[in-house]
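# Results of the structural survey
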Amino acid sequence: MSLVSRHLIFAESKKSILPSTLSNALLIYNKVGTPDWVKESIQELVHDHNWKELNDRFYKQMSFGTGGIRGRTIGNTITSTEEGIPTELGRPQHPAVGTNTMNEYNLIRAVKGLCRYVLKNFQPTPECPRPRMVFAHDTRHFSREFAEMAARVVQRMGVDVSLFESERSTPELSFALRHLNAHAGGVITASHNPAHDNGFKVYYSDGAQIVDPHASGIIDEVNAGSDQPTEEGAMVTPGEYAVLGAEIDDLYVQKLLTLLLDAPMVQSQQANLKIVYSPLHGTGVKLIPRILSELGFSHSLVEAQSSADGRFPTVSTPNPEYPASLKMAIEQAESLGADLVVATDPDTDRMGAAARDSQGELVLLSGNQIASLIAFYRTHKLTEQGVINGNNAKDHAALIKTVVTTDLLKSIATHFGVKIVETLTGFKYIAEKLGDYEQIVLDAKKMTTAEYSALNERAKRDLLLKYSTYYIFGGEESYGYSASDFVRDKDANAAVLMFCETAAFAKAQGLTLVQMLDDIYMRLGFFSEILGQITLEGAEGAQKIKRLLASYAENQPAELAGRKIVKVQRFDQEDMHDVDGKLLPKELMYLYHFEDGGRVAVRGSGTEPKVKYYLFAQKLPRAGGVFTVAELALAKSTTDTLLKESWKVIEQNAQERMA
């Protein structure tokens, strides 16, 4: 027995590390073929008695969830062997060693499991003798290396593979997968997470993140597989390898431009609207400046945040939800007198924004507010154009939102007489609805998926409005938006286009976006939301998250923050259906409804070590009436105070529950 093994066993006997940490660390350390630098990293952590780091890295096998894998690729402690040879990339030479870190070991397990599932379900034809997979990556540490490794693994398993020549956005990966009629794919990204994280987000043939039954099947294959880069004993002909680049960019941009609803109106406001854009060191710089130029908008780029730099050196976290991430863009907008600020996260699926109010001050908008503005404009414009009308609005046109997204979208749908569809949290469920609506058309017209995808967007819209449900717009509170089915995920490239068109519409009415939002509130009611989060990292944090969530089932509250609970929904137990009658999957989430129409949702984050609390409040005008300016001001102040005070009490209660 090695000295390291004896030290680990002793540490576990003294409860310095968990039993699972011991078994997982020994699994890697004693495995035949483990590289020397990996063993040396474990040796260093053991030698330094860095038990917390060992626990965090090895307390579990990184689980392949329904979206893929995500976690630290750079440890809290970086060992000297991980640091390796200094580079100009601002990162260690090697990713963090561990069964619970994002590294080659876990990536290969995930990619091979996905590939095996694809091969098992593939039916070859003379035109398509092998399945095809598509990969992309963002600007994070190790993203390019991981993407190239994923491509090599599936190629060795006999699958044709396409890889983008350099960093590209997540929505472009979704578009490319559908355009190429590929069978699956993935993007190396941790989206908006801190710089130390990375991940592998998985997509299936519909261009959407995986849901059941595919998700469960892929998870089973991942758990049954190994971390070796080739299939043991497999003798297969390698697949073909293709590089994707400008040709996909051009096709994708052409599709994005079809989202424009009123080109003459936009053209009339081009000179009146000034925009500042920041990609936050991510992939958005590839296409968003081009899109703004195609639309003729006056715009400037935050140059200091335009480099593809996985350190994200100008922000603490590259998340456009956070005000600090937009600070540089707002300062530039102030110096230029710009009307709008837009910013996107590293893989360009989320967009944050700021707009001027009636006093000329730049105001940060929440994801709920951005979604409401775009939804109102697009539904209004399509109604004005007669595309949505009395014959199709109620049954054949819809806004889609997640359960934890603002109820203002419900009021907008009611106002225009269209359907409102609610899904579970996560844009993959919105994408799943788009697949359902497409399938209805395919069945009605006896079409194939390829034939449907080849149609232009107007032809698809006409078929959906006649036979199925046309997707006007979808949004989620976490800054994700979409209005097309040629991309089956949230799309910040599209969001920038739609948001700027909405701003042009407001400008044409003599309004700022903030004034336009107030006008919506005055007619439909004031809706306010805040997100409370408790972050609990590492092995100890994972146990606390589990205990905290379980406590709401074991000790169900009768009231929260002094507000009586009149209804409780358990999404992990109850059978719930959407407006189309579809049964929703089970999910561990609690939704508490109050007498005043407000609610609180509690759930664990699927991508970060957090418990999230979604707080909602609303004030409605008198029946048949509208708010006065004074009444709206009062509604804002009372609901905002209510939510802030409620979160203080809920957060304190959560700490008590963990204790």
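Before reading on, note that the structure itself is shown above.
Residues numbered from 1 in each chain as written. Predicted model: local features only at pLDDT ≥ 70, side-chain atom pairs only at ≥ 80, totals over all residues. Heavy atoms only, no water.

This part takes up the overall build of the protein chain. A tally of helices and strands in the protein chain yields 23 helices and 21 strands. Taken against the 2.2 N^0.38 rule, which gives 26 Å for 659 residues, the C-alpha radius of gyration of the protein chain at 25 Å falls within 12% of a compact globule. Along the first, second and third principal axes, the C-alpha atoms of the protein chain reach 80 × 65 × 55 Å. With 659 residues in all, the protein chain has 58% of them scored as buried. A separation threshold of at least 6 residues defines the contact pool for the protein chain, and within that pool the share at least 24 residues apart is 72%. Surface accessibility of the protein chain: about 25900 Å² in total, with carbon and sulfur atoms responsible for 52%. Here the protein chain carries 69 positive and 82 negative side-chain charges, and the mean point of each set is 3 Å from the other. (Helix = DSSP H or I, 4+ residues; strand = E, 2+ residues; numbered from the N terminus. Rg over C-alpha atoms; globule rule 2.2 N^0.38 Å. Buried < 20%, exposed > 50% of the residue type's maximum accessible area, 1.4 Å probe, protein only. Contact = heavy atoms within 4.5 Å. Areas by Shrake-Rupley, 256 points an atom, 1.4 Å probe, with all protein chains shown as cover. Lys, Arg positive; Asp, Glu negative; His and termini not counted. Charge placed at Lys NZ, Arg CZ, Asp CG, Glu CD.)

The biggest cluster of nonpolar side chains holds 100 residues, and the ones touching the most others in it are Met351, Phe473 and Phe499. Considering each element in turn, this core owes the most residues, 12 residues, to helix H20 (residues 492-508). In terms of nonpolar packing, the next biggest core, distinct from the first, is built from 37 residues, Ile69, Ile74, Leu114 and Phe142 among them. (Core = buried A, V, L, I, M, F, W, Y, C linked by side-chain atoms within 4.5 Å.)

A separate point is the packing of aromatic side chains. Counted according to the given criterion, the structure contains 12 aromatic pairs. Summarising the aromatic geometry, the rings of Tyr552 and Tyr590 are spaced 5.9 Å apart at their centres and angled 45 degrees between planes, so their arrangement reads as tilted. Note that Tyr552 is positioned in helix H22 (residues 538-554) and Tyr590 in strand S19 (residues 589-594), a separation of 38 residues in sequence. On the accessibility criterion, Tyr552 (2% relative accessible area) is buried. An aromatic cluster is present here, built from Tyr552, Tyr590, Tyr592, Tyr613 and Trp647 joined pairwise through their rings. The ring of Phe142 has Arg91 lying over it, and the distance from NZ or CZ to the ring centre is 3.8 Å. (Phe/Tyr/Trp six-rings, centres within 6.5 Å; stacked < 30°, edge-to-face > 60°. Lys NZ or Arg CZ within 6 Å of the ring centre and 35° of its normal.)

Taking 1.5 Å of rise per residue, 12 residues should cover 16 Å, and helix H21 (residues 513-524) covers 16 Å from first to last C-alpha, within 8% of that figure. Those residues of H21 that sit buried are Leu513, Val514, Met516, Leu517, Ile520, Tyr521 and Leu524. Across the axial projection of H21, the buried residues extend over an arc of 160 degrees, all falling on one side. With its phi angle positive at about 115 degrees, Gly525 sits one or two positions after the end of H21. (Expected span 1.5 Å × (residues − 1). Arc of directions from axis to C-beta.)

Turning next to the packing of H21 against helix H23 (residues 629-658). Where H21 meets H23, the axes come as close as 10 Å, and the angle between the chain directions of the two elements is 95 degrees. As far as their axial angle goes, H23 and H21 are roughly perpendicular. Here Asp518, Tyr521 and Met522 of H21 come into contact with H23, specifically with Val629, Leu632 and Lys636. Of the residues belonging to the contact of H21 with H23, the class tally is 4 nonpolar, no polar and 2 charged. (Axes fitted to C-alpha atoms, helices over the stretch in contact; angles between N-to-C directions. Parallel < 35°, antiparallel > 145°, perpendicular 65-115°, else oblique. Nonpolar A, V, L, I, M, F, W, Y, C, P; charged D, E, K, R; others polar.)

Our focus in this paragraph is the sheet that holds strand S21 (residues 610-619). If you walk across this open sheet you meet the 6 strands as S16-S21-S20-S19-S18-S17, and the pairing is antiparallel. Edge positions in the open sheet fall to strand S16 (526-535) and strand S17 (559-560), since each of these has one partner strand only. Both S17 and strand S18 (residues 563-570) contribute to a ladder of 2 bridges, which runs antiparallel. Opposite Glu559, over in S18, you have Lys564 as the bridge partner. Contacts from H22 reach S16, S18, S19, strand S20 (599-604) and S21, with the element oriented near 45 degrees to S21. (Pairing = 2+ DSSP bridges.)

Of all 10 residues that make up S21, 8 are buried, and the element is covered over most of its length. Pairing of S16 with S21, which is carried by 10 bridges, proceeds in the antiparallel orientation. Bridge assignment links Ile530 to a residue of S21, and that residue is Leu615. Here S20 runs beside S21; their pairing, made up of 6 bridges, is antiparallel. Paired with Val600 across the bridge in S21 is Leu615.

So far we have only geometry, and geometry alone does not tell us how the molecule works.
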